[in-house]
Amino acid sequence: MKDICCVGHITRDRIVTPRQTVYMSGGTSFYFAYALNQLPRRVSFELVTKLAEEDMAAVSQMRDRGIDVRVYPSRQTVFFENKYGENQNERTQRVLAKADPFEISEMSEVDARIYHLGTLLADDFSKDVVRFLSTKGRISIDAQGYLRAVDGEKVNAVDWQDKLEILAYTDIIKVNEHEMKVITGSNDPYEAARKLAGWGVKEVVVTLGSEGSIILANGHFYDIPAYRPKEIVDATGCGDTYAAGYLYCRSQGISFAEAGRFAAAMCTLKLEHSGPFDRTIAEVEQLAASDNP
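Owing to the predicted nature of the structure, the values given are computational and were not obtained by experimental measurement.

Draft legend 1. Spotlight on the pattern of salt bridges. Counted by the stated rule, this structure contains 20 salt bridges. For the salt bridge of Asp 123 with Lys 98, the shortest nitrogen-to-oxygen distance reads 3.1 Å. With Asp 123 in the loop between β8 (112-118) and α4 (127-134) and Lys 98 in the loop between β7 (91-97) and α3 (104-107), this pair connects stretches of sequence that are 25 residues apart.

Draft legend 2. The environment of Lys 50, seen in detail. Along the chain, the position of Lys 50 falls in strand β4 (residues 45-51). Separated by 126 residues in sequence, Lys 50 and Asn 176 place their C-alpha atoms 25 Å apart. When sequence neighbours within four positions are dropped, the list of residues in contact with Lys 50 reads Gly 8, His 9, Ile 10, Tyr 72, Pro 73, Ser 74, Ala 99, Asp 100, Pro 101, Phe 102 and Glu 106. Of note is the side chain of Lys 50, whose polar atom sits 2.8 Å from the backbone oxygen of Pro 101. Within the structure, the side chain of Lys 50 is placed 2.9 Å from the side chain of Glu 106, a separation counted as a polar contact.

Draft legend 3. Structural view of the packing of helix α6 (residues 177-184) against helix α7 (residues 189-198). The contact between α6 and α7 brings their axes to 10 Å, and the two run at 55 degrees. As summarised for this structure, α6 and α7 are arranged oblique, according to the angle between their axes. Judged by the twist between their axes, the crossing of α6 over α7 is left-handed. Two secondary-structure elements touch here, α6 through Met 180, Ile 183 and Thr 184 and α7 through Pro 189, Ala 192, Lys 195 and Leu 196.

Draft legend 4. Quick look at unusual backbone geometry. Of note, Asp 162 is a non-glycine position whose phi angle comes to about 60 degrees, a positive value. Its place among the elements puts Asp 162 in the loop between β11 (154-157) and α5 (163-167). The backbone of Asn 218 shows a phi angle near 55 degrees, a positive value even though the residue is not glycine. For Asn 218, the location among the structural elements is in the loop between β14 (213-217) and β15 (220-224). You can call Asn 218 exposed: its relative accessible area is 71%.

Reading guide: rules and limits
- Residues numbered from 1 in each chain as written.
- Predicted model: local features only at pLDDT ≥ 70, side-chain atom pairs only at ≥ 80, totals over all residues.
- Heavy atoms only, no water.
- Salt bridge = Lys/Arg side-chain N within 4 Å of Asp/Glu carboxyl O.
- Helix = DSSP H or I, 4+ residues; strand = E, 2+ residues; numbered from the N terminus.
- Contact = heavy atoms within 4.5 Å.
- Polar contact = N/O pair within 3.5 Å; in protein donor to acceptor, adjacent residues only side chain to side chain.
- Axes fitted to C-alpha atoms, helices over the stretch in contact; angles between N-to-C directions.
- Parallel < 35°, antiparallel > 145°, perpendicular 65-115°, else oblique.
- Left-handed = near helix turned anticlockwise from the far one by under 90°.
- Buried < 20%, exposed > 50% of the residue type's maximum accessible area, 1.4 Å probe, protein only.

And the structure:
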């Protein structure tokens, strides 16, 4: 049994920023897996993904880095275009191809204490898949994909279908400021977190970009600072890096506040370069302990 199993599609990404255009693999599962892989092996981990045969090179590269990857076939690989302006907290997206959703028959073969569902599009994980996985371990959800419906190549923001049923099975959720508004209807992160907890989520994490993040657990709020990056290069994958750091800590029983600071420090270090997180735990711990919010 693994401590953490991340389930999600690896994507083909075109990332456009004011400084450059980069083509690379991506997706929640991609950034999450690479981030965890940079940390000491105190936590066992498996990635479960689906992609087309012609894109298997991304999996081979991950396996070469020591990442345990289980792959199921898909007719296509998800293809995203992420375009950023000067404000790295804002982006526009197009979806040029979609992968097949995950099925219960595939999930029956995995075994973990925590299942982190890296949603990219609204139909990646049905409520039946989430319910099934909740019988096997704790459920952690990155909510972003549940709020994305594809019309042609355009990504439309939508409310989360079946959210109350799915949240009832959810132990941990990570949302950003935009996602919390769509899901709860509230502009206030504390009120939004309380609503999510009221719907059954045990640990609510709300990331607020340069304003830091908050965690609601056991009825108590923890305010987590955002650390200042030396420079802002690429925000793609920052939320996934935060989730990796948070679950890495929580799966070891580390406190909510310490897990939040560790995750925030990882997120800041990731922001300083393109591609997945590539720093060391010593650098993360040094930043997390610093007076640099």
